[in-house]
Amino acid sequence: MAAARVRCHCNALFTSHRNSSTLPISPTRVGFTALKCPRKFLLSIGDGSSSCTRNVSGSCLKGTVRAVMEEEKTGAIKEREVEEKRFTCVMKFGGSSVATAERMGEVADLILAFPEESPVIVLSAMGKTTNNLLLAGEKAVSCGVSNASEIEELSVIKELHLRTVKELKIDPSVVTSFLEELEQLLKGIAMMKELTLRTRDYLVSFGECLSTRIFAAYLNKIGVKARQYDAFEIGFITTDDFTNGDILEATYPAVAKRLYDDWMHDPAVPIITGFLGKGWKTGAVTTLGRGGSDLTATTIGKALGLQEIQVWKDVDGVLTCDPTIYKRATPVPFLTFDEAAELAYFGAQVLHPQSMRPAREGEIPVRVKNSYNPKAPGTIITKTRDMTKTVLTSIVLKRNVTMLDIASTRMLGQVGFLAKVFSIFEDLEISVDVVATSEVSLSLTLDPSKLWSRELIQQASSLEELEKIAVVNLSKGRAIISLIGNVQHSSLILERAFHVLWTKGINVQMISQGASKVNISLIVNDDEAEGCVEALHKSFFESGDLSELLIQPRLGNGSPVRTMQVDN
Ligand SMILES: Nc1ncnc2c1ncn2[C@@H]1O[C@H](COP(=O)(O)OP(=O)(O)O)[C@@H](O)[C@H]1O
Ligand SMILES: N[C@@H](CC(=O)OP(=O)(O)O)C(=O)O
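Parameters and conventions
- Residues numbered from 1 in each chain as written.
- Chains lettered and ligands numbered in written order.
- Predicted model: local features only at pLDDT ≥ 70, side-chain atom pairs only at ≥ 80, totals over all residues.
- Heavy atoms only, no water.
- Core = buried A, V, L, I, M, F, W, Y, C linked by side-chain atoms within 4.5 Å.
- Buried < 20%, exposed > 50% of the residue type's maximum accessible area, 1.4 Å probe, protein only.
- Domains from an automatic or database assignment.
- Axes fitted to C-alpha atoms, helices over the stretch in contact; angles between N-to-C directions.
- Helix = DSSP H or I, 4+ residues; strand = E, 2+ residues; numbered from the N terminus.
- Parallel < 35°, antiparallel > 145°, perpendicular 65-115°, else oblique.
- Left-handed = near helix turned anticlockwise from the far one by under 90°.
- Contact = heavy atoms within 4.5 Å.
- Near = heavy atom within 4 Å.
- Polar contact = N/O pair within 3.5 Å; in protein donor to acceptor, adjacent residues only side chain to side chain.
- Areas by Shrake-Rupley, 256 points an atom, 1.4 Å probe, with all protein chains shown as cover.
- Nonpolar A, V, L, I, M, F, W, Y, C, P; charged D, E, K, R; others polar.

**Student:** I tried to follow the nonpolar core on my own but got confused; where do I start?
**Tutor:** Nonpolar side chains in soluble globular proteins generally cluster together in the buried interior. In terms of nonpolar packing, the biggest core is built from 81 residues, with I300, L304, L351, I381, L483 and L536 touching the most fellow members. Two domains each put at least three residues into this core: domain 2 (89-126 + 209-385) and domain 3 (393-551). Grouped together as the second largest cluster of nonpolar side chains are 52 residues, L134, L179, I271 and L276 included.

Structure representation (structure tokens):
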């Protein structure tokens, strides 16, 4: 109910109501107030500052309140309307979706094609801008100050953004000062001959800062009121792990407060930089790891308690394998958060590895859609799904992996061997990908994209601690093939996978079934891996015979169980 405020013009009453000369009341209380003072009231509905103010006599006050409340759109009602219309979903558009002016225009049309939604928009940097910024930074380290302005990638970035504002017919000043600052930064890096992780993060932040400013300006130009936000200014607080910041809990209330406050004060579509945050100790710009805009989107989804998180890509959803490895990959219509997280963690570039966490915590469905083909249904990711007919969901390949075989120098029965090995990894701050163990030996894989393992791989001395208790063998050039699916059917998956690989003459070097029960990982030689994915895909997704095997229960000897005819 909208609050009505009644101010009495009668001095006597005013005196007796000194502490409450403006009385917030509901219409049912008006009668009581009117009885006390039969003289003039100044009646206002809403927040008191609205234009809906009337002088009425006390005797007809009650009726007037009701009439005014019904006939007028009061400030309070408007406020409620604004509140009700506030955000319904978050829509994240990746670099491929906003690569050019034309694409930005199409994304704007796409957003407007959903008038029932009140979205929060998250954008990545345009096209390959992040890669170009990183390359420019690396070149600046060694090119000399006088050559910094000539770095090819800087020219590409300038040209792309200036062309985009020109084609979208918006004021170039939204990008020019940023492009000048970027050039200055590259000169600074050239002068220092150093690119720290902190500076790298600041450098790549220009990509998202530019794309969101352009897009917000374009929406405003076409009459859609939009407001640009830098995530690091609105409460995205992270650890100070530059290039790989972890979002801290304080982010959720801070972001919600800022976005809701602004919306209530002056509604506008928020256009937020993906990928960026602010280190909680340093206060410097951080990034959430490559592909981190997905995580920005799911964080906003959880912070605002939205109905849906949409991530718009350049593919028809999450596919049965990476389409760049095997082009007959097909969309997976449904996934659980666990499956999606495993898939992302094991290298499916389509989603950021951490991005499922906020969605799972907030139980908010994530929809993966294609901005180039919006009609395609995409993939919907939820907490649970019907797995009865599922054997395999997707095949994921992680390349350039290093494998460690560690065998105890002591014999069987040695207590605490595994504990010792893992405490050494803990000291070295090493987290491992895939592990297979026995009492006296273990094999594990290390991901070279993580700094620690790169150091470990380069500096054999890091292995010295391990070599005190075990024989260690390090093998580079391996790949992890992850079979994501229903591990309830693990025997069927393994039987088929091993048959396929045996037919191809491939030796599996290690195998591990994840505790999450959605993933079986096989380690093979890197140079054989793509061929394996293709062969596995053909067998699991193109042969069409798996579902039959699911319906037919099998006897111990492998033959199908006969069904018995029962006559009534
Ligand atoms: N299982 C998979 N399903 C879909 N896409 C995948 C998969 N594995 C790898 N990819 C790659 O991920 C790309 C989409 O992710 P990404 O480049 O991060 O998109 P964006 O930049 O638009 O967010 C696809 O073009 C595809 O090459
Ligand atoms: N621009 C950043 C963040 C990101 O998420 O990009 P994309 O959505 O295009 O994967 C990157 O390239 O890593």
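**Student:** What exactly am I supposed to notice about the packing of helix α6 (residues 129-143) against helix α8 (residues 173-192) here?
**Tutor:** A pair of packed helices can be characterised by two numbers: the angle between their axes and the separation between those axes. Following both chains from N to C, one finds α6 and α8 inclined at 40°, their axes separated by 7 Å at the closest point. The orientation of α6 with respect to α8, classified from their angle, is oblique. Helix-helix and strand crossings are classified by hand; for α6 and α8 the assignment is right-handed. Between α6 and α8, the contacting residues are L133, A136, G137, A140 and V141 on the first element and L182, L186, I189 and A190 on the second.

**Student:** Quick question: what am I supposed to make of the site of ligand 2 here?
**Tutor:** All residues in the neighbourhood of ligand 2 are listed as K92, G94, G95, S124, A125, T130, E208, F275, R290, G291, G292 and S293. One of the side-chain nitrogen or oxygen atoms of S124 is found 2.7 Å away from an oxygen atom of ligand 2. A distance of 2.7 Å separates an oxygen atom of ligand 2 from a polar atom in the side chain of R290. Isolated, ligand 2 exposes 330 Å² of accessible area, and the fraction of that covered by the protein chains is 84%. Along the lines of polarity and charge, the residues of the shell around ligand 2 split into two nonpolar, seven polar and three charged.

**Student:** Would you mind going over the packing of helix α17 (residues 490-503) against helix α18 (residues 526-542) with me for this structure?
**Tutor:** Orientation of α17 relative to α18, taken along the N-to-C sense of each, is 130°, at an axis distance of 10 Å. Considering their axes alone, α17 and α18 lie oblique with respect to each other. Relative to α18, the crossing made by α17 is right-handed. Contacts between α17 and α18 involve I493, R496, A497, V500 and L501 on the former and, on the latter, C532, A535, L536, S539 and F540.

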